[in-house]
Amino acid sequence: MFKFLSILFVLCCCNILFAQNEFTIQGNVYLSNGIAAADAQVNCANQKVKTDVAGHFMLPHVKEGNIQLIVFLVGYKNHIEKLKLISDTTLLIQLDSIGNTLTEIVIESEKDNSFGIGKLNNVEGTSIYAGKKSEVIYLNDMNANLATNNSRQVFAKVAGINIFENDGAGIQLGIGGRGLNPNRVSNFNTRQNGYDISADALGYPESYYTPPTEALDRIEVIRGAASLQYGTQFGGFINFKFKKGPADKKIQLTSRQTYGSFGLINSFNSLGGTVKKINYYAFYQYKQGDSWRPNSEFKMHTAHASVNYQVNSNLKITGEYTYMTYLAHQPGGLTDKQFNLDPSKSIRNRNWFKVNWNLASLSLDWKLSPSARISWMNFGLIADRITVGYLGQINRADPLTERDILGDEYKNFGSELRFLKRYELFKNTSVFLIGARYYQGKTIRKQGLGDTTSKANFSYLNPNDLEHSDYTFPSKNIALFSENIFQLTKKLSLTPGVRFEYISTSAAGYYKETNKDLAGNIILDLKREEERNSNRSFLLGGLGLLYKPVSKVELYANFSQNYRSINFNDMRVVNPNFKVDPNLKDETGYTADGGIRLTLKDLLYLDFSVYYLRYNDRIGTVLKEDEATYVLYRYRTNISDSRNIGAECFGEIDLIKLFKKQAKHKLSYFVNVSYTDARYISSQQSGFNDKLVELVPMSILRSGLTYKYKGFSTTVQGSYTAEQFADASNSKFSTNAITGIIPAYTICDFSAQYTYKFLNVSAGVNNFLNEIYFTRRAEGYPGPGILPSDPRNFYVTLQIKL
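Just so we're clear, the structure is a prediction, and the values are computed from it rather than from any experiment.

Chemist: Hey, could you go over the sheet that holds strand E4 (residues 56-63) for me, with residue numbers and the actual values?
Modeler: One open sheet holds the three strands; their spatial order is E4-E1-E7, and the pairing between them is mixed. Taken across any chain shown, the strands that pair with only one partner, and hence form the sheet edges, are E4 and strand E7 (89-95). Sheet twist, expressed as the average angle between the axes of neighbouring strands with direction ignored, equals 25°. Here strand E1 (residues 22-31) pairs with E4 via six bridges, running antiparallel. Bridge assignment links Gly 27 to a residue of E4, and that residue is Phe 57.

Take a look at the structure:
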């Protein structure tokens, strides 16, 4: 069936490409005083766009004939332009003031039947995305289990995304792209409304907090080329953008109540609106559940508030605060034999995990002139996470002795300043961006012993003399970056970029080294104190290209250098399953990609790309044997260089509009397929040459159908992920289950919703074929061992919006 529909999809694309007769309308909108009208809404032929900072707008693929274009902006008279479209057209529009009113005039138009996926504009705010591989997920156009942040559904249309699915409640997100480790999104520069949310952007870029999808307007994803503007991660950049309060209401209440399998209860409630010059949005979410395995209960609270103050037409100040806390019981992992006999089993009942997260930001957006803009973002994080439990190998019984406690405290601050300027070059508008970033972090990591109970007690037995380690990891980062879109012709642009990085990381503290023989006798017991400092600076460069031969087709290509600092605060963790090379080095490399995008609004969206990712001194894990105890463990080290070669393709088409342009019904089909060949090369140890990189499935396929009619919509999708190895030595099996093969799996999901006035009811079944599978072998928490994924489960959500 997939093969037949895929062939049909390609044939339709070819037919459509040459059958349509459409043109592009673009232009600039100005106020009566000559200042560019930024953020004015332009409506035409069921399209809605907003003008950029220079007042520029573009409406591609508008059908020829008589059309009406409407422009409106708060405090200004509506402008209506009627014209007969027979070719590409450029307009110059002036808006006249209607006084100092702050009430937004809303023009209702036919709902845009989008597919829930798109790309970023070449310029948005003070960011440049021209020539880059980008995707935008629109949550309002999606049928998915939003209460559990179901990643398989939310990221179904982003090509090449590998997902850790051991957290069915959606508390922590685990995704990776292009052959990079999915663990807690650690290979992406992860942000919320433009600012960092990870534990430590330099030393520990893992995200223990995931923004609730029920609160999101969209998710922005940029691949490796994002390294020049947003930081040096190989995976790129992911940005979660929250909803805003409605501009035409003083107050709007949204309440979503969800009940699901395994005791899931989710309550999400938000308030938003606009009062004079202030736009606000706030929400509170409470989530609890038992999960499907014993010892898996959890409770979670998340709250967020944002206030936007429009000082005047050119200056806006925004303040935000986010709080999240949760407590989760962890059932531990399983061996291969235990998983095959009963994947719902739990043989650990003393493991707990607790997180507290506080995020705050204060930003300024200042339009200096119709062609110049400044943004200034300041942000901070005060957070902690702590675990307590037994970390011994999963093929050994819990001895019921003192538990290990591992706790982190994070205190980070950052500031990012950007200046964007549009200017004329070769009779075309080019764009210059320059920015600076300052970031400082401080992580305190402690590991010691706790009590012998099974309670969620996170108190150390000897807090002043911990049995394992006590470290402080300060860090500092100063970065300067710049990009420039050179619009050489109306169809061709080049975007070079450069980034200077200064990174300083330190470590101060002690660790205790204790070894026992097979009889349990202590043969080594030392306390080692150390202090380390590492300062480095370097330049990264890149070049992007964008070519638009016709309005509906884009060809893009990009080359960008990448860099990734080692996780320095992960260097001293006492774990019998896992050890770290004390001489770890930072990773370097580059990403090159190129592709083609085809967009026919409401009918077709296609994005095909190929890429090459070079990773020097790649850090990975290998299987080793302890010389004293002969126990196998995973060893993290710079294994060798690696290279990832791949192709990604996403396409979606409205099958009904192929034959009937004006249809009340919509039936769209999407295909998302990726291929990655990731191998180690140039290794000093011949045993790793040509080995497959761990946690990289060679192929991922997701495909689905969506039907919509008036207020009803439903989606069914299938997801296939090929087998992958858990370590760099490509071990097929280990008795403790921390290495071995992660078998291929196929999962099917179904969701539907119906909206009537202020009511919305949504429901679905995830994994409705009840596939028994797992996506991860863990060396430590929340394992160790195999972490089974959720079986068949359902959800029902009732939403009221007033």
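Here the narrative resumes, following the displayed structure.
Chemist: Could you give an account of the pairing of strand E21 (residues 298-312), naming the residues involved and the relevant values?
Modeler: When strand E20 (residues 278-289) meets E21, the two strands line up antiparallel, connected through 12 bridges. Bridging across to E21, Ile 278 finds its partner in Tyr 309. Pairing of E21 with strand E22 (residues 315-330) involves 14 bridges; the strand directions are antiparallel. Bridged to Phe 298 within E22 is Ala 328. Hairpin connection from E21 to E22: two residues lie between these consecutive antiparallel strands.

Chemist: Give me the lowdown on the sheet that holds strand E16 (residues 216-222), citing residues and values where you can.
Modeler: Read across the sheet, six strands follow the order E8-E11-E16-E17-E14-E15 without closing on themselves; strand pairing throughout is mixed. The sheet terminates laterally at strand E8 (117-118) and strand E15 (195-196), the two strands that pair on one side only. Pairing of strand E11 (residues 134-138) with E16, which is carried by five bridges, proceeds in the antiparallel orientation. Directly across from Ser 134, in E16, lies its bridge partner Ile 222.

Chemist: Quick one: what's the story with the packing of aromatic side chains, residue by residue and with numbers?
Modeler: On inspection of all chains with the given rule, the structure shows 22 aromatic pairs. In this structure an aromatic cluster arises from ring pairing among Tyr 204, Tyr 208, Tyr 326, Phe 353, Trp 357 and Tyr 410. Positioned above the aromatic ring of Tyr 510, the side-chain terminus of Lys 527 is 4.2 Å from the ring centre. Taking the ring centre of Tyr 556 as reference, the NZ or CZ of Arg 597 above it sits at 4.3 Å.

Criteria and thresholds
- Residues numbered from 1 in each chain as written.
- Predicted model: local features only at pLDDT ≥ 70, side-chain atom pairs only at ≥ 80, totals over all residues.
- Heavy atoms only, no water.
- Pairing = 2+ DSSP bridges.
- Helix = DSSP H or I, 4+ residues; strand = E, 2+ residues; numbered from the N terminus.
- Axes fitted to C-alpha atoms, helices over the stretch in contact; angles between N-to-C directions.
- Phe/Tyr/Trp six-rings, centres within 6.5 Å; stacked < 30°, edge-to-face > 60°.
- Lys NZ or Arg CZ within 6 Å of the ring centre and 35° of its normal.

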